[in-house]
Amino acid sequence: MSKWLRLIVALVAIVSASRGLFAAERPNVLFIAVDDLNHWVGHLARNPQTRTPNLDRLAARGVTFTRAYCAAPVCNPSRAALMSGMRPSTTGVYDNGEDWRPQIPTEQTLNDVFRKAGYWVGASGKIYHGGYDRHEDWDEYHHPRGGDPKPKGSDGVGGIKFGSLDARDAELADYKIADWTIEQLGKRHDKPFFVACGFHKPHMPWNVPQKWFDLFPLDSIQLPPVKEDDLADIPSAGRAFAKPEGDHKQILESGRWKEAVQAYLATIAYLDMNVGRVIDALDKSPHRDNTIVVLWGDHGWHLGEKSHWRKFALWEESTRAPLMWVVPGVTQPNGRCERTVDFMSIYPTLCDLCGIAIPKHVEGPSLRPLLKDPGAAWDRPALTTFKRENHAVRSEGWRYIRYADGSEELYDETKDPLEWTNLASRGEHSAIKLSLAKSFPAMNAPTSNGEPAAKKNKKKR
C-alpha cells in the first residue's frame, strides 16, 4: 500500500506542478474600460490643457493607437459589440434602450470564452452597459456599495451635469472599483486571470472633489476650437444628431461653457489618478511580467464641436477614444501606431495573444501584427455605426459618413482634422467615397427589440 500511496502522491505532485506551470505560462489580462473618455489625453495632443500623466505613462510602456474608434458612439451598443465580437449591424443592438442579452448568448462573450479556456474571470464597475449585466457569466462581479456624493451647489446646465464635491477621493465609486482591482492584482492565483476594471468617470455627472477642479483655473480654460456655421454644409440627418437647439443652446445661454469644459477636464484628471493606482498595484504584484494590459474608452464626447454635446454622432469627437496595449514579449516601449483601427479588434487580439482560438462569429481582425510592429502595413479602415443604417468609415486620410437616407459627409482628415468642410458633393472625390463605401456592413439587422427606428429614437438616452 505504501508503494501505491507514494506513486499516487508523486502523480498528484506532477499534475499540480504542470497546472502551476500552465497557469504561469498563460498571460493574465488586466482589462481597463473607461466611460465617455474622448481623445483629451495628453499624449494624443488633441487638447493642450488635459492632465493625464498616468494614462501617458501607460501608453509609453507599450503601444498606443492614435486613430482608434468605437463600434458605436453609445455606451450599450459599443460595449455589446466589443464584448461579443459582433457589430451593431449584426446583432441589431444600436442604442442604450435595447437589451443585448437576448441577442448575444453567453458562449459568444469575451469573458465566457476566457472562462472556458481556464481563466478566472472577474469584474468591477461598468463593463457592459448598466442594467444589462449577466453576473452569472463571471466568477466574481463586484459592484461598489453606495452612490457618489452629490454637489452642494449647482448641478450644471440642463442635461449637462457638473459641479465640484466637498468629498474625499475614496468616497466615489471609481475609487472603490480601483480598490477591488488592486486587491485582485495583489493575490496569488492558481489560474491565469482576466480582471476587468470598468471606470465610470468621466461619464456625467462631472462631480469630483474640488481639488481636481483647482488644477484647471477657470480663467485659464480654453474652449474647443469651433466654427460658428459648422452645420451649414451638414445634411439634415447629421444636424438632427447634433441637436444644436438642445444642450448647446442651453450652454451658450447660461454662459457656463468654460465651467463645463473645466469640469470634464477635472473628471478626466480624477480618472487618471485611479488608473495610476491600478498600474502601480500591478507593478508591485507578482504578476507584473506576465500580464497583458489593455485600456480602452467606449467612445468619444463632444463639448460644443459642431454645436453638439455628448456622443450620439458619427464625427471624430464622438467616435475616437484611447486604446493602449502593454503585452510582455510582444510590445516595445514608446510604440505609437497611426493606423486606423476600431474596437472590434480587442476581442480577437486578446484571444490571439493568450493562445485561445478566435471564435468564428468574431468580426474583427487581431491587432497582433501592429502590436509587434506599429508601422506594419494595414489596409482596414475603422467602422462606426450609430442607429440603423448610419455608418462612418475612417481611414488614415478620410472620414466618410453615409446616413440611412443616403445623405453623406466626407472630410479630408489631413487638411481638415476638425472636420469643418464637407466635401461629399464634390465630384472629384467620387472614387474615394466608392473605395471607403466597401467597408460599410453588408447587412443592417433590424433593431433588437423589433421597434421601428422612429419610436426608438424617442426613448431616453
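Residues numbered from 1 in each chain as written. Predicted model: local features only at pLDDT ≥ 70, side-chain atom pairs only at ≥ 80, totals over all residues. Heavy atoms only, no water.

Chemist: Describe in detail the sheet that holds strand β14 (residues 408-412), supporting the description with residues and values.
Modeler: Strands sit in the order β11-β12-β13-β14 across an open sheet of four strands; the sheet is antiparallel. Taken across any chain shown, the strands that pair with only one partner, and hence form the sheet edges, are β11 (382-385) and β14. Taken over all neighbouring pairs, the strand axes of this sheet differ in orientation by 10 degrees on average, direction set aside. Bridge count between strand β12 (residues 391-394) and strand β13 (residues 398-402): four bridges; the pairing is antiparallel. Bridge assignment links H391 to a residue of β13, and that residue is R402. Docked against the sheet, helix α14 (residues 430-437) engages β12, β13 and β14, running at close to 75 degrees with respect to β13. (Pairing = 2+ DSSP bridges. Helix = DSSP H or I, 4+ residues; strand = E, 2+ residues; numbered from the N terminus. Axes fitted to C-alpha atoms, helices over the stretch in contact; angles between N-to-C directions. Contact = heavy atoms within 4.5 Å.)

Chemist: Give a description of the packing of helix α2 (residues 53-60) against helix α10 (residues 257-284) that names residues and reports values.
Modeler: In the contact formed by α2 and α10, the axes pass within 7 Å of each other and the chain directions differ by 45 degrees. Relative to α10, the element α2 is oriented oblique. In contact with P53, N54, L55, R57 and L58 of α2, α10 contributes L271, D272, M273, V275, G276, I279, D280 and D283. Classifying every residue of the contact of α2 with α10 by side-chain character gives seven nonpolar, two polar and four charged. (Parallel < 35°, antiparallel > 145°, perpendicular 65-115°, else oblique. Nonpolar A, V, L, I, M, F, W, Y, C, P; charged D, E, K, R; others polar.)

Chemist: Before we move on, can you summarise the environment of C70 with the specific residues and values?
Modeler: Checked against the element boundaries, C70 lands in the loop between β2 (63-69) and α3 (75-84). Of the residues examined, C70 reaches a relative accessible area of 0% and is grouped as buried. In this structure, the C-alpha to C-alpha distance between C70 and W296, residues 226 residues apart in sequence, is 9.4 Å. What C70 contacts, discounting residues up to four positions off in sequence, is S78, D298, H299, S318, T319, F343, L383 and T384. (Buried < 20%, exposed > 50% of the residue type's maximum accessible area, 1.4 Å probe, protein only.)

Chemist: Tell me what's going on with the sheet that holds strand β4 (residues 140-142), and back it up with residues and numbers.
Modeler: In spatial order, the strands read β4-β3-β5-β1-β6-β9-β2-β10; together these eight strands make up an open sheet with mixed pairing. Each edge of the open sheet is held by one strand with a lone partner, namely β4 and β10 (335-342). Across the sheet, the axes of successive neighbouring strands diverge by a mean angle of 15 degrees, strand direction being ignored. Where β2 lies against strand β9 (residues 323-326), two bridges are found, and the strand directions are antiparallel. Bridge assignment links V63 to a residue of β9, and that residue is W325. Contacts from helix α12 (residues 346-353) reach β1 (28-34), β5 (193-199), β6 (291-297) and β9 within the one sheet, and its direction differs from that of β9 by about 0 degrees.

Chemist: Please set out the environment of E245 residue by residue, giving values where relevant.
Modeler: The topology assignment puts E245 in helix α9 (residues 244-254). The spatial distance from the C-alpha of E245 to the C-alpha of R388 is 24 Å, given a sequence separation of 143 residues.

Chemist: So what's going on with the packing of aromatic side chains? Which residues, and what values?
Modeler: By convention here, two paired aromatic rings are described through the distance between centres and the angle between planes. Enumeration according to the criterion identifies 16 aromatic pairs in this entry. Plain terms: the ring middles of F114 and F194 are 5.0 Å apart, the flat faces sit at 50 degrees to each other, and that makes the pair tilted. Highlighted residues: F114 in helix α5 (residues 110-116) and F194 in strand β5, separated in sequence by 80 residues. Just as F114 is buried, F194 falls in that class too. An aromatic cluster of at least three residues, connected via ring pairs, comprises F31, F114, Y119, F194 and W296. Here the guanidinium or amino end of R277 rests over the ring plane of Y175, the centre of that ring lying 3.5 Å away. When the ring centre of W315 is taken as reference, the NZ or CZ atom of K306 above it lies at 5.5 Å. (Phe/Tyr/Trp six-rings, centres within 6.5 Å; stacked < 30°, edge-to-face > 60°. Lys NZ or Arg CZ within 6 Å of the ring centre and 35° of its normal.)

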